[in-house]
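The residues making up each chain are set out below.
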Amino acid sequence: MGDARDSVSRIMGIRQCSIILHDAATNMKAFRQVEQVGGRKNRDRTSRLLASGGRGGLLHCNTRGEERLLKTNMMRRPTILFAAAMVGLLPALPALAAPPDSLTLGIALEPPGLDPTAGAAGAIRDVTYDNIFQGLTKIDAEGQVVPSLAKAWTVAPDGLTYTFDLQSGVTFSDGTPFDCSIVQFSYGRAMAADSINAQKQLFAPIAKVDCPSPLKAVITLKQPISTFLYDMAWGDAVMVAPKTAATNKTQPVGTGPFMLSRWVPGDRIELVRNPHYWGNAPKLAAVTFRVIADPAAATAALLSGALDAYPDFPAPETVVKFQHDPRFTVDIGTTEGKVILALNDARKPFSDIRFRQALAYAIDRNAIVQAAYSGYGRVIGSHYTPSDPNFVDLANAYPYDPAKAKQLLQEAGVKPGMTFTITMPPPSYAQRSGQLVAAYLSQVGINVKLESVEWAQWLSKVFSQSNFDATVIAHVESRDLDIYARPHYYFNYDSPTYKALYAQYIAATDPAAQAALVEKLQRQLSADEPNIFLFALPKIGIWNAKLKGMWSNDPMPADDVTEVYWGP
């Protein structure tokens, strides 16, 4: 760990940085000011806010390692919180307290909308998955496919017909009844030529949906698909009603145990218990999702009690502080997030495999995990996580080797001084990793321009238009090897070999054959290196120690609070 951090420090010029805060009142006042700012702000501005409060001071280190001293009247003995690169301590604050039937939790990104069938952002599913919207099947906390709006199902021996027995007495939060006609509408809408479903490919195998009775749906496939039940558990496959489908983006109406109460753009999304819920009522009556992207502000919000929980905590460098505070539970788990340096393979020189492999050799991914995520992630070598079945560890396929990188660049005809742009969305993992990648590539003669954009810009420019050179992003969908087989996806990988392997995989019904093929798919991606696979994103969950029912892992992008409650 020390060697990796020393390596990054030499490249980035990072020095020790400290925030000096003097008392609880200072922290509370600073956090209130951060709240008033709202949204994602630059680190310098947030640090100045955290330093304000009348008696505090700050020794701040910005992203270029430049130190700034804000001098104030230091009349009290300081408590030191190490920022960005260092871990430190905040003064003890009063015990957290919350009503026994409400919950306030933090999220890093504000969803661009609340309709998971009409947007690609994982942030949509974080708020809505199983809380507001439900599908025929769902993924539980253990990553298993379990019943949801379908209470049971059977699969024909030929793998082409799925018969679903639907739950009875189900209504949407506005009172609209749920039955087989809703299944027909939801899947028909997702498959339509004008569908804007981000995972439209998942529904392509469906030939038809029949309704022999209101509570029985029969789905016929064009070909056997071994992943069909899993695919229908994605957030993109939830049920929507015809009369509210068009307005779900801002006024979501689902069958889940919660419904939208209020959305304050840039600040919070408030849910309340759905009085029409068909299942067991949740123990929580109200849930508020607070948008707090800045790592320092997220830390202050938890310590002050402004947040009860932060399921995917963005400041791994401060985890030690919480681990030593009995008021909190710190749960380090796994996610399906694959953090990658995505490349536009349709552009030169990214279309040259030698250039892509050179980038892979030029980046010390172990050091990036240490510096960007305090060692909590795990290096990966393909688009698959260690928590997935039949995972192949390919982390050493491209060991850190700058000399090898320079050799491949020369073979590809790329001269020293070539320049490209890395477009970075707001999350801290993307910002930190992008800066580190740029520093490593500079060591082999590649100049990188860093472009930070807001989430909506990233979705439009990068994901929708493929107008980019490279970007750092975490793909959080589970077992999403299919994206590399699609006719068009934003990074423009096009491999007939891979597509043929994937077609064999989804058609295979024998578990042993499926396992062998998924391993081949991982190895093919590693060999082609269409993107630079960096690390598996960890789930760092921090919440009030009295909270029960929070997910330890993220097998699906979701902050599922349907079974969360306050203990004694």
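Caption draft 1: Expanded view of the side chain of threonine 562. The residue threonine 562 is located in the loop between strand S22 (547–548) and strand S23 (565–566) in this model. With a relative accessible area of 16%, threonine 562 lands in the buried category. A distance of 2.6 Å separates the side chain of threonine 562 from the side chain of aspartate 560, its partner in a polar contact. Residues within four places of threonine 562 in sequence aside, it is in contact with Asp130, Asn131, Pro257, Phe258 and Pro282.

Caption draft 2: Representation of the packing of aromatic side chains. Enumeration according to the criterion identifies 28 aromatic pairs in this entry. Centroid distance tryptophan 458 to phenylalanine 463: 6.3 Å. Interplanar angle 25°. Geometry classified as stacked. Feature note: the residues Trp455, Trp458, Phe463, Phe468, Tyr484, Tyr489, Tyr490, Phe491, Tyr493 and Tyr498 constitute an aromatic cluster, connected by ring pairs.

Caption draft 3: Here's a closer look at the packing of helix H14 (residues 496–507) against helix H15 (residues 511–528). For the pair H14 and H15, interaxial distance at closest approach is 9 Å and the crossing angle is 160°. By the angle between their axes, H14 is roughly antiparallel relative to H15. With respect to the hand of their crossing, H14 and H15 are arranged in left-handed fashion. For the pair H14 and H15, contact is made by Thr497, Tyr498, Leu501, Tyr502, Gln504 and Tyr505 and by Gln514, Leu517, Val518, Lys520, Leu521, Gln524 and Leu525, respectively. The class makeup of the residues in the contact of H14 with H15 is 8 nonpolar, 4 polar and 1 charged.

Caption draft 4: Region of the structure containing the state of the cysteines. For the structure on display, the rule yields 1 disulfide. What pairs with cysteine 180 in a disulfide is cysteine 211, and their sulfur atoms sit 2.0 Å apart. An S-S torsion of about -85° defines the bridge between cysteine 180 and cysteine 211 as left-handed. Note that cysteine 180 is positioned in helix H5 (residues 180–191) and cysteine 211 in strand S10 (residues 206–213), a separation of 31 residues in sequence.

Caption draft 5: View of the side chain of aspartate 126. With respect to the helices, strands and loops of the structure, aspartate 126 is situated in helix H4 (residues 122–128). One buried charged residue, aspartate 126, remains without a salt bridge, the closest side chain of opposite sign being arginine 125 at 8.4 Å. Within polar-contact distance, the side chain of aspartate 126 engages the backbone nitrogen of alanine 558 at 3.4 Å. Once you skip the residues sitting within four places of it in the chain, aspartate 126 turns out to touch Asn131, Phe289, Pro557, Ala558 and Asp559.

Caption draft 6: The arrangement of the nonpolar core in detail. Formed by 130 residues in total, the largest nonpolar core has its most connected members in Leu136, Phe164, Phe178, Tyr187, Phe313, Leu341 and Phe420. Sorting elements by how many residues they give to this core places strand S21 (residues 532–544) first, with 8 residues. Excluding anything up to four places from it in sequence, phenylalanine 178 contacts Leu136, Leu149, Leu166, Val170, Thr171, Phe172, Val183 and Met239.

Caption draft 7: The sheet that holds strand S8 (residues 150–155), seen in detail. Spatial ordering of the open sheet is given by S8-S9-S11-S10, a layout of 4 strands whose pairing is antiparallel. Of all strands in the sheet, those with a lone pairing partner are S8 and S10, marking the two edges. Here the strands of the sheet are splayed against their neighbours by 20° on average, with no regard to which way each runs. As judged from the 5 bridges shared by strand S9 (residues 161–166) and strand S11 (residues 216–221), these two strands associate in the antiparallel manner. Directly across from aspartate 165, in S11, lies its bridge partner lysine 216. In the packing of H5 onto the sheet, contacts are made with S9, S10 and S11, and the angle to S10 comes to roughly 170°.

Caption draft 8: Spotlight on the pattern of salt bridges. According to the stated counting rule, one finds 21 salt bridges in the structure shown. Salt-bridge contacts for glutamate 270 lead to arginine 268; the nearest nitrogen and oxygen are separated by 3.9 Å. Since its relative accessible area comes to 15%, glutamate 270 is described here as buried. Under the relative-accessibility criterion, arginine 268 is labelled partly exposed at 22%. Measuring nitrogen to oxygen at the nearest pair gives 3.0 Å for the salt bridge that ties lysine 461 to glutamate 451. Within this pair, whereas lysine 461 is found in helix H13 (residues 455–464), its partner glutamate 451 is found in strand S19 (residues 447–452), the two being separated by 10 residues in sequence. The class for lysine 461 is partly exposed, based on a relative accessible area of 25%. Look at the salt bridges and you will find they share partners, linking Arg262, Asp267, Arg268, Glu270 and Arg290 into a network.

What counts and how
Residues numbered from 1 in each chain as written. Predicted model: local features only at pLDDT ≥ 70, side-chain atom pairs only at ≥ 80, totals over all residues. Heavy atoms only, no water. Helix = DSSP H or I, 4+ residues; strand = E, 2+ residues; numbered from the N terminus. Buried < 20%, exposed > 50% of the residue type's maximum accessible area, 1.4 Å probe, protein only. Polar contact = N/O pair within 3.5 Å; in protein donor to acceptor, adjacent residues only side chain to side chain. Contact = heavy atoms within 4.5 Å. Phe/Tyr/Trp six-rings, centres within 6.5 Å; stacked < 30°, edge-to-face > 60°. Axes fitted to C-alpha atoms, helices over the stretch in contact; angles between N-to-C directions. Parallel < 35°, antiparallel > 145°, perpendicular 65-115°, else oblique. Left-handed = near helix turned anticlockwise from the far one by under 90°. Nonpolar A, V, L, I, M, F, W, Y, C, P; charged D, E, K, R; others polar. Disulfide = S-S within 2.5 Å. Lys, Arg positive; Asp, Glu negative; His and termini not counted. Salt bridge = Lys/Arg side-chain N within 4 Å of Asp/Glu carboxyl O. Core = buried A, V, L, I, M, F, W, Y, C linked by side-chain atoms within 4.5 Å. Pairing = 2+ DSSP bridges.

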